[in-house]
Amino acid sequence: GNSVTQMEGPVTLSEEAFLTINCTYTATGYPSLFWYVQYPGEGLQLLLKATKADDKGSNKGFEATYRKETTSFHLEKGSVQVSDSAVYFCALLPGSNYKLTFGKGTLLTVNP
Amino acid sequence: NAGVTQTPKFQVLKTGQSMTLQCAQDMNHEYMSWYRQDPGMGLRLIHYSVGAGITDQGEVPNGYNVSRSTTEDFPLRLLSAAPSQTSVYFCASSYRGGSGNTIYFGEGSWLTVV
């Protein structure tokens, strides 16, 4: 079956530090890959996505590249801000159906 | 365009009570689904629907019922609430599945069963 594994948190960084949150997946075929973000007390927001190998999704300074050879979709940001403190979820959507499979989420805390 | 609307946002239930979480979308999406979010578990699929009149079970369906009488609405029913159903519930919708599609989420419903 499909699965997503992302690095366990919590991750605590200082403002302006570099962020990497690792995500690897198992799926048949050619899934789409997503990063969702959940700010405290709020719902899920789509942060970025990639639909095929070597695609790079980007938004709000965050980036992730779809690496089929390593089945990875790591989230990166060059300089985090306090406002980036949130829970980040990696997810995949198989090409054959409508069901998202999520990782367990990574809590990021950025201190001033 | 309201997107995906969930109500209520917060609810406290007593064990054994029943309730319905409402979900509506105004994007004419075929696919709708319900997820629950628990600490350290990510989001898990409860039930989903690929169109009016068609529903199916997801990963964790026990204790929940759904129906899809219209394209717009997809309510989630808890028939006899249990403390294990304390969670955050998200409704989602999309136009179609598969590569390139975007799934839209509601803002969540925080449910506590005491």
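In this text, all values refer to a predicted model and were calculated from it rather than measured experimentally.

K.L.:
Just checking my understanding: could you explain the packing of aromatic side chains for this structure?
P.N.:
Where two aromatic rings form a pair, the distance of their centres and the angle of their planes describe that pair. Taken as a whole, this structure holds 13 aromatic pairs over all chains when the rule is applied. With a centroid separation of 5.9 Å and 50° between ring planes, the pair formed by Tyr36 of chain A and Phe102 of chain A is classed as tilted. One end of the pair, Tyr36 of chain A, is in strand S5 (residues 32-38); the other, Phe102 of chain A, is in strand S11 (residues 101-102), and 66 residues separate them in sequence. Residue class for Tyr36 of chain A comes out buried when judged on its relative accessible area of 1%. With a centroid separation of 6.0 Å and 50° between ring planes, the pair formed by Tyr31 of chain B and Tyr48 of chain B is classed as tilted. You can see Tyr31 of chain B sitting in strand S4 (residues 31-38) and its partner Tyr48 of chain B sitting in strand S5 (residues 42-51), a full 17 residues away along the chain. In this structure Tyr31 of chain B comes out as buried when scored by relative accessible area, which is 0%. Among the aromatic side chains, those forming a connected cluster through ring pairs are Phe34, Tyr36, Phe89 and Phe102 of chain A together with Tyr35, Phe90 and Phe105 of chain B.

K.L.:
Sorry if this is basic, but what is going on with the interface of chain B and chain A here?
P.N.:
As a measure of interface size, the accessible area lost when the parts come together is often cited. Across the boundary between the two partners, chain B contributes 26 residues, which contact 23 residues of chain A. Counting each side, the surface lost to burial between chain B and chain A is near 1,900 Å², with a carbon and sulfur contribution of 60%. Joining chain B to chain A, the criterion identifies zero salt bridges. Where chain B packs against chain A, one counts four residue pairs in polar contact (both at pLDDT 80 or more). Taken together, the elements giving at least two residues each to the side of chain B that touches chain A come down to S4, S5 and strand S9 (87-94) of chain B.

K.L.:
For this particular structure, what's the right way to read the confidence of the model for chain B?
P.N.:
Caution applies to low-pLDDT regions: their predicted coordinates should not be interpreted in detail. A residue-level look at chain B finds 94% of positions with pLDDT of 70 or above and a mean pLDDT of 92. Across chain B, the element-wise mean pLDDT spans from 90 in strand S10 (residues 104-105) of chain B up to 98 in strand S8 (residues 76-78) of chain B.

K.L.:
What exactly am I supposed to notice about the state of the cysteines here?
P.N.:
Throughout this description, disulfide means a covalent bond between two cysteine sulfur atoms. Tallying each qualifying case throughout the model produces two disulfides over all chains. Covalent S-S linkage joins Cys23 of chain A and Cys90 of chain A, the inter-sulfur distance amounting to 1.9 Å. As the torsion about the S-S bond is roughly -70°, the Cys23 of chain A-Cys90 of chain A disulfide counts as left-handed. Taken together, the positions of Cys23 of chain A in strand S4 (residues 23-26) and Cys90 of chain A in strand S10 (residues 86-93) put the pair 67 residues apart, joining distant regions of the chain. Overall, Cys23 of chain A belongs to the buried group, its relative accessible area being 0%. Note that Cys23 of chain B is cross-linked by a disulfide to Cys91 of chain B, the S-S spacing being 1.9 Å.

Conventions we followed
In every chain, residue numbers begin from 1 and rise along the written sequence. All chains are assigned letters beginning with A, and all ligands numbers beginning with 1, in the order in which they are written. Local features are withheld for residues below a pLDDT of 70 in this predicted model, meaning they are given only at 70 or higher, and side-chain atom pairs are given and counted only at 80 or more; totals for whole chains, interfaces and linings count all residues. By convention in this description, side-chain values take in all heavy atoms of the structure and omit both hydrogens and water. Working definition: rings of Phe, Tyr and Trp (its six-membered ring) pair if their centres are within 6.5 Å, and the pair is stacked with planes under 30 degrees apart, edge-to-face with planes over 60 apart, and tilted otherwise. What counts as a helix is a DSSP run of H or I of at least four residues, what counts as a strand is a run of E of at least two, and both are numbered from the N terminus. Categorising residues by exposure relies on relative accessible area from a 1.4 Å probe, with only protein chains included: less than 20% of the type maximum marks a residue as buried, more than 50% marks it as exposed, and the intermediate range marks it as partly exposed. In this description, contact between two residues means that some pair of their heavy atoms is separated by no more than 4.5 Å. Here the quantity called buried area is the accessible surface, traced with a 1.4 Å probe, that two parts lose on coming together, added over both. Between Lys or Arg on one side and Asp or Glu on the other, a salt bridge is scored when a side-chain nitrogen of the former is within 4 Å of a carboxyl oxygen of the latter. Polar contact is the term for a pair of N or O atoms within 3.5 Å; when the atoms are in protein, one must be able to donate a hydrogen and the other to accept it, and sequence-neighboring residues count only if both atoms are side-chain atoms. pLDDT is a per-residue confidence score from the predictor, ranging from 0 to 100. By disulfide we mean two sulfur atoms from cysteines, separated by a distance within 2.5 Å.

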